[in-house]
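Chain by chain, the residues run as shown.
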Amino acid sequence: MSAGTAKLNVTVAEVKPINDLVTRFKFVRTGGGDLPTFSGGAHTVVEMQDGDITRLNAYSLMSNPADRGAYTISVRRDDQGRGGSKFMHTRVIEGMEMVISNPVNLFSLDLRAKKHLMLAGGIGITPFMAQMHQLSMMDGHFELHYSVRTASLGTYAKELSERYPGKVHIYHDDQNEAIDLKTLLANQPLGTHVYVCGPKGMIEWVHGTAEAMGWPREAVHSEEFLAPASGKPFEVKCAVSNKIVQVGEHQSLLEALEAAGIDAPYLCRGGACGQCETNVIGYDGKFLHYDHWLTDEQKAGGKHIMPCVSRFEGKTLVLDR
Amino acid sequence: MTIQFNDETFRGDFTFRNSEWAIKRFPFPFHEDSYMYSVNMEPHTSYRPGSVFERTFDVDEHYVSEMKDRAQVLADDPLRCQSLPHMTLAGWDLVELIMEAKAREYPDLFELHKNGNRWRWVNKPLGIDDTFTFLDESTLPYGPMEYITRQTQGDFALLDQRDDNLWMDAGMVTTQADWSLDFDIGMNFFEWHAPVPKAHEMGIFVRALKFLLNIQQGQPARRLNWTMTVNPLLDTSPENYHKWGEMKQDLTLENMGSKQHLRVELQTFFRLPRSNALVFPIRCYLISFGDLVTVPKWGRRLHRVIRDLPEELATYKGFIDNRPMMVEWLSQYDDGSPTSDGIWPDDD
Amino acid sequence: MSKTEFPPSIKSRPVYGELEPRAGSGHLMIADAEGAEAILGLAKSVDPGFWAKTHIIYIPKKTGTKYSSQLEQLGAGQYYCGPSYEAAQSRIRRALQNCHMGTQVYLTGTESLMGQAMHEAVTAGIPHTAIQTEHRGSTARRMQCVHCKGITEDVTTDPFECSHCGLSLFVRDHYSRRIAAFQGVRVDAEDPGNIPEKVELFK
Ligand code: HEM
Ligand code: FES
């Protein structure tokens, strides 16, 4: 099958700063018409034409999944990042035409759950916003615990508290409020599923605490988009296409393959979905595996790499592309 | 295109027949002279006008009679259609997928008129004209999956996706090649495939599952599978095995051409948008050996495939005892000349 | 009698492990017959506080009083010894209602008991992979007749007669967690009356 996902041509209908760090973008179909429905937790990959570079970043859809008129996403500015969020904040304006992917869901609700317990940190709130829309339409049983730095940086905290009274609990770091995870996890009825989206540390904390308290692995769900790490430039030989490709410091291997016109599959661009898995034909050097997909054995085996996030340091790397 | 629907039976007197048109468009499953399991999947894109690959959900001359047969199977055994409670949303996704596709691709047969969530569905061949509220079960005579699959040819499995696996949590299964929904419902991809020989060891299911987990909205896929059935019987279920198993003994060299049927399943895979589930339609096409060998390439090739098929596969597919006779009969249609690549008849 | 080793089989056939104490807010143990040995074995390696948070539901079947007093002496917070699975079923359901996420479930004994209790726990909301099992004792099977849907317990031969419709069925390894049974299919479907000799496969 061909690489990537089906594309949608959209027009930016609204750019709305929410606070100092977060801006919201609304997309409608260029030329009118409905967008595809999606399920809560889905993301879209936004293509950004930044001069010669095409940047592709995944953002969770936060609007009501039943609303086919528009999609909205929220982007947190990351000055240390590779430039995708900065591009969104500084270059994207209303009326601009962009290309985004069909929705893809790697963080879906377990619809068997008798209760959905949602834990959000910072901008990790966005997938839950779509999920709460979906659950409230289906009379689903949910509860949100949302940790923010300060009230003014508490993206959507106020409106969520108003929209779902009694179901939303906000914790402010600057007031030394924190989610009392142990107490929360101790008293949940059988059939509860926990979902966490936020910084890496928070995700690890939830998984670790739940496991120590005897929670089944299948009842704890998380989503973490890895931004591709920057690193030393390196060179790859692509055996199938017979090309030598240079991977720049701030470029992922996947981006470099794409820039060289090589057909490379992907879905999440964040090391989670497995779609970009590529066979290694030969190497002399060391892999920097950053993905969540390959097993530790596979990572040690030197036969596979996930080009969307992982890198290489050394003399030669030959890929089956 | 207007389809002339047959009035025919798939049981009792077995009046099922394929027209000239249906024979020419039959999805012959062998692209070469031998067969082994493989991860044979390709995008489900429209292909070869007139072929069964042209439309999202193919409708053919057997439509009305197949739906009557399904209604009879369900009346006899309602357990052939089941949905675990969390699959209702996926059922609605399926209603939308099928209604939109059929109304778009067969406007002379089906109409869908939407006014917000108020939908009117017109199915002319079956004489149905229903108005209902989308996502409100109380406005349909059956659950959403049952409602639409009583009006669509082929079996359907709805797969919930979780824990990096697919779970068969709902289905409408009345034209199956000897497996039981009632028994398999709730199983995961490896469990319901457990009885299949060889394919696990070949790594086929691991790779197939990875592919399926990544199927995206708007990018369906398809594959073909096949088996053999004596008499044009759609309902070869394990539940009724004690009723149809005996028929295999009735096969003779004299009645082979009319009784023995090649049974081909066109299997497709669609991501469902609201539920993030997958739907797996399994559309069954039957062709008698007599009709099949009217296409010389198919006759030659089928002879070679059946003759050389590994024993485990012939056993699993249930024709090991009749194979020698089938090969003998088919050999009359194989002059040993080469066959062209691909599944299509040679242009003559 | 120690943990049973089963021959390699197909992927729907359950595989059983060895019970080990796991961290959790409570422990629900359901056992029949020789399953008691697995619990007594696990008792050697638990912390002192373990039993207070534990509920044992035990069905001795043919073992009579062989294990029941030893089990009772473990000092579980709740101990129940009952005559049959059917009799214990409503208690199992009630016990699950009181459980919270983090409760550990331990099943041991025959496949029939483990399968049925697993079904209850899964229905209550515990993923099946989080439930521990250990096989002890009889390998007799719980079979579903694919034709009439009736369940025949304690099947030891292949073929066997369905206790509901009377057809002779062969014993498949295909297993349904939802039904908690293996599948039985008419053995003489293609050649009625030609029923092979019964072989004792399970004890
Ligand atoms: C997710 C959708 C699928 C469903 C619901 C499904 C279901 C089934 C079922 C119920 C059987 C019968 C097993 C039995 O004997 O009890 C079967 C057989 C089989 N399936 Fe699938 N299947 C799916 C996808 C696939 C895919 C993607 C492959 C790709 C290789 C595959 C390969 C096979 C094969 C080779 C057999 C044996 C068929 C024969 O020899 O007649 N299946 N499938
Ligand atoms: S694209 Fe998803 S893992 Fe690389």
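Residues numbered from 1 in each chain as written. Chains lettered and ligands numbered in written order. Predicted model: local features only at pLDDT ≥ 70, side-chain atom pairs only at ≥ 80, totals over all residues. Heavy atoms only, no water.

Caption draft 1: Seen up close, the overall build of chain C. When its secondary structure is counted, chain C shows four helices and 12 strands. What you see for chain C is a C-alpha radius of gyration of 18 Å, in line with the 17 Å of a compact globule of 203 residues. In terms of overall dimensions, chain C has C-alpha extents of about 60 × 35 × 30 Å along its principal axes. Counting over 203 residues, chain C shows a buried share of 56%. Sequence-distant contacts, at least 24 apart, represent 65% of the contacts inside chain C between residues at least 6 apart. For chain C, the separation between the mean place of its 22 positive charges and that of its 22 negative charges on side chains is 6 Å. (Helix = DSSP H or I, 4+ residues; strand = E, 2+ residues; numbered from the N terminus. Rg over C-alpha atoms; globule rule 2.2 N^0.38 Å. Buried < 20%, exposed > 50% of the residue type's maximum accessible area, 1.4 Å probe, protein only. Contact = heavy atoms within 4.5 Å. Lys, Arg positive; Asp, Glu negative; His and termini not counted. Charge placed at Lys NZ, Arg CZ, Asp CG, Glu CD.)

Caption draft 2: Expanded view of a nonpolar patch on the surface. The grouping of Met137 and Met138 of chain A together with Leu135 of chain B at the surface amounts to a nonpolar patch, some 240 Å² of accessible area in total. Mapped onto the fold, Met138 of chain A is located in the loop between helix H2 (126-137) and strand S9 (142-148). (Patch = residues over 30% accessible without salt bridge, like charges linked within 9 Å, V, L, I, M, F, W, Y side chains within 5 Å. Areas by Shrake-Rupley, 256 points an atom, 1.4 Å probe, with all protein chains shown as cover. Salt bridge = Lys/Arg side-chain N within 4 Å of Asp/Glu carboxyl O.)

Caption draft 3: Summary view of the interface of chain C and chain B. On the side of chain B, 25 residues touch chain C, which itself brings 25 residues to the contact. Taking both partners together, chain C and chain B bury about 2,100 Å²; carbon and sulfur atoms supply 57% of that area. Counting the surface chain C buries against chain B, the share from its top three residues, Lys11, Arg178 and Glu190 of chain C, is 30%. Where chain C meets chain B, there are five salt bridges. We note a salt bridge from Glu239 of chain B to Lys149 of chain C, for which the minimum N-O separation is 2.7 Å. Where chain C touches chain B, the interface holds 14 residue pairs in polar contact (both at pLDDT 80 or more). Contributions of two or more residues to the side of chain C that touches chain B are made by strand S10 (168-176) and strand S11 (181-186) of chain C. (Buried area = accessible area lost by both parts, 1.4 Å probe. Polar contact = N/O pair within 3.5 Å; in protein donor to acceptor, adjacent residues only side chain to side chain.)

Caption draft 4: Structural detail: the UniProt feature "domain: Dimethylamine monooxygenase subunit DmmA-like C-terminal" (unreviewed entry) in chain C. Here, UniProt's "domain: Dimethylamine monooxygenase subunit DmmA-like C-terminal" (unreviewed entry) annotation points to residues 142-185 of chain C. Counting secondary structure, residues 142-185 of chain C comes out at 0% helix and 61% strand; the distance between its end C-alpha atoms is 14 Å. (UniProt positions renumbered as here; feature names shortened; annotations may be inferred.)

Caption draft 5: Examining the pattern of salt bridges more closely. Using the criterion set out here, one finds 57 salt bridges over all chains in the structure. We note a salt bridge from Glu105 of chain B to Arg104 of chain B, for which the minimum N-O separation is 3.8 Å. Classification of Arg104 of chain B by relative accessible area gives exposed; the value is 55%. Notably, a salt bridge pairs Asp188 of chain C with Arg186 of chain C, separated by 2.6 Å at the nearest N-O pair. Accessibility assignment for this pair places Asp188 of chain C and Arg186 of chain C in one class, buried.

Caption draft 6: Just the sheet that holds strand S4 (residues 118-123) of chain B, in detail. All names here are of chain B. If you walk across this open sheet you meet the three strands as S3-S4-S5, and the pairing is antiparallel. The sheet is open, and its two borders are formed by strand S3 (110-115) and strand S5 (128-133), each paired with just one other strand. Across this sheet, the average inter-strand angle for adjacent strands is 10°, counted without regard to direction. Note that S4 and S5 share six bridges and pair antiparallel. Across the sheet, the residue bridging to Val122 is Asp129, located in S5. Lying over the sheet, helix H3 (residues 88-105) contacts S3, S4 and S5, oriented at roughly 120° with respect to S3. (Pairing = 2+ DSSP bridges. Axes fitted to C-alpha atoms, helices over the stretch in contact; angles between N-to-C directions.)

Caption draft 7: Seen up close, helix H13 (residues 323-331) of chain B. Residues and elements named next belong to chain B. Looking only at H13, the buried set comprises Arg323, Met326, Val327, Trp329 and Leu330. In an axial view of H13, the angular spread of the buried residues amounts to 165°, which keeps them on one side of the axis. As for H13, its buried residues are in contact with strand S8 (221-230), helix H9 (256-259), strand S9 (260-271), helix H10 (289-292), helix H11 (296-308) and helix H12 (311-316). (Arc of directions from axis to C-beta.)

Caption draft 8: How the structure looks around the interface of chain B and chain A. Taken together, the contacts link 20 residues of chain B with 26 residues of chain A. Summed over both partners, the interface of chain B with chain A comes to about 2,000 Å²; 50% of that surface belongs to carbon and sulfur atoms. Joining chain B to chain A, the criterion identifies two salt bridges. In this structure, the salt-bridge partner of Arg68 of chain A is Glu96 of chain B, at a minimum N-O distance of 3.3 Å. There are eight residue pairs in polar contact (both at pLDDT 80 or more) connecting chain B and chain A. Of all the secondary structure elements, the ones that give two or more residues to the side of chain B that touches chain A are H3, strand S6 (155-162) and helix H7 (204-213) of chain B. Here the side of chain B that touches chain A gets three residues from one element, more than from any other, and that element is H3 of chain B. By residue class, the composition of the side of chain B that touches chain A is five nonpolar, nine polar and six charged. (Nonpolar A, V, L, I, M, F, W, Y, C, P; charged D, E, K, R; others polar.)

Caption draft 9: Up close: H11 of chain B. Residue and element names in this part refer to chain B. The end-to-end C-alpha distance of H11, which contains 13 residues, comes to 19 Å, matching closely the 18 Å that a straight helix rising 1.5 Å per residue would cover. Taken residue by residue, H11 has Lys297, Trp298, Gly299, Arg300, Arg301, Leu302, His303, Arg304, Val305 and Ile306 as its buried positions. Of the surrounding secondary structure, the elements contacted by the buried residues of H11 are helix H1 (20-24), S8, H10 and H13. (Expected span 1.5 Å × (residues − 1).)

Caption draft 10: View of the domain arrangement of chain A. Residue and element names in this part refer to chain A. The domain boundaries assigned to chain A delineate domain 1 (7-104), domain 2 (115-223) and domain 3 (234-319). Just the C-alpha atoms count here: the centres of domain 1 and domain 2 sit 24 Å apart. The interface of domain 1 with domain 2 comprises 19 residues on the first partner and 16 residues on the second. Contact between domain 1 and domain 2 buries roughly 1,400 Å² in total, counting both sides, with carbon and sulfur atoms accounting for 59%. (Domains from an automatic or database assignment.)

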